[in-house]
Amino acid sequence: YRPGPEGATAIVETLFGEHNPYGKLPFSYPKFSNDLLTHDHKYSDSFRELEPGVIDTDGYTPQWPFGWGLSYTNFKFGKLHLSRNKLKINDKLTVRISVENTGKKAGRIGLDCFIRDCYRSTTPPAKELKKYQSILLKPGEKKEVHFVITQKELSFVNQKGKRVVEPGEFWIWVEDEMAKFEVI
């Protein structure tokens, strides 16, 4: 894309580490032409037949996945903690994760919270982005981030056009940390 009249300065400052860029891809960038599965594909979409009788289940292999980004600093994530492992349809779930800047530069990190409904009456996506939060951390600083998951984030539109939550197992991810919970 065209950076404009001050683009060269911004590019040089970023390349030499004077500016710590922040950003995450809002899409999945394919590795090969026509390899167009998105992060919220259905699990069954990732099956592909490489040759007759040979089935591969790793059909989602982007060059850079949704939410990928770079920084001049490093972040360390703690374990994902859930306020409960079983909840009723109308209950709220609080998700906590600690983030620490282990690098030498201040940096901003965007935390994506994904949820997967494992079993439901329509084929669920592999994972759906439900919450997002951005925080700025100084070198050595540590913060705890909270996400509140409600009925809205657990619901989907069923075959009758109604928004519903069905009981069952759910998976939740923040960065590479994952936990399971059940709606009863």
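Draft legend 1. Fine view of the overall build of the chain. Within the chain, the secondary structure is distributed over 2 helices and 13 strands. Every one of the 184 residues in the chain was classed for burial, and the buried ones make up 34%. Long-range contacts, defined as pairs at least 24 residues apart, comprise 64% of the intrachain contacts of the chain with a sequence gap of at least 6. Accessible surface computed for the chain: about 11800 Å², of which carbon and sulfur atoms make up 52%.

Draft legend 2. Expanded view of the packing of aromatic side chains. In total, this model carries 4 aromatic pairs according to the counting rule given. Relative to F114, the ring of F66 lies with its centre 6.1 Å away and its plane at 75°, an arrangement referred to as edge-to-face. Separated by 48 residues along the polypeptide, F66 in the loop between β2 (54–56) and β3 (75–77) and F114 in strand β7 (residues 107–117) bring together distant segments of the chain. When the ring centre of F114 is taken as origin, the NZ or CZ atom of K127, which lies over that ring, is 4.6 Å away.

Draft legend 3. Structural detail: empty space enclosed by the protein. This structure, assessed with the given rule, holds 1 cavity of 30 Å³ or more. Of the pockets and cavities examined, the largest cavity occupies roughly 40 Å³. Taken together, I115, R116, D117, R120, E128, K130, E153, L154, S155 and F170 form the lining of the largest cavity. Sorting the residues of the lining of the largest cavity by element identifies β7, β8 (128–137) and α2 (151–154) as the ones contributing at least two each. Broken down by element, the residue count for the lining of the largest cavity peaks at 3 residues, all from β7.

Draft legend 4. Structural view of unusual backbone geometry. With a phi angle near 55°, E175 is a residue other than glycine that sits in the positive phi range. Tracing the chain through its elements places E175 in the loop between β12 (168–174) and β13 (177–183).

Draft legend 5. A look at the sheet that holds β12. Pairing is mixed in the open sheet, where 5 strands are placed in the order β5-β13-β12-β7-β8. Edge positions in the sheet fall to β5 (86–87) and β8, since each of these pairs with one other strand and no more. Pairing of β7 with β12, which is carried by 5 bridges, proceeds in the antiparallel orientation. Note on β12: the bridge partner recorded for F114 is W173.

Reading guide: rules and limits
- Residues numbered from 1 in each chain as written.
- Predicted model: local features only at pLDDT ≥ 70, side-chain atom pairs only at ≥ 80, totals over all residues.
- Heavy atoms only, no water.
- Helix = DSSP H or I, 4+ residues; strand = E, 2+ residues; numbered from the N terminus.
- Buried < 20%, exposed > 50% of the residue type's maximum accessible area, 1.4 Å probe, protein only.
- Contact = heavy atoms within 4.5 Å.
- Areas by Shrake-Rupley, 256 points an atom, 1.4 Å probe, with all protein chains shown as cover.
- Phe/Tyr/Trp six-rings, centres within 6.5 Å; stacked < 30°, edge-to-face > 60°.
- Lys NZ or Arg CZ within 6 Å of the ring centre and 35° of its normal.
- 1 Å grid on protein atoms, 1.4 Å probe; cavity = no way out; pocket = protein on both sides within 12 Å on 5 of 7 lines; lining within 4 Å.
- Points joined across faces, edges and corners; volume = space filled by probe spheres on them.
- Pairing = 2+ DSSP bridges.

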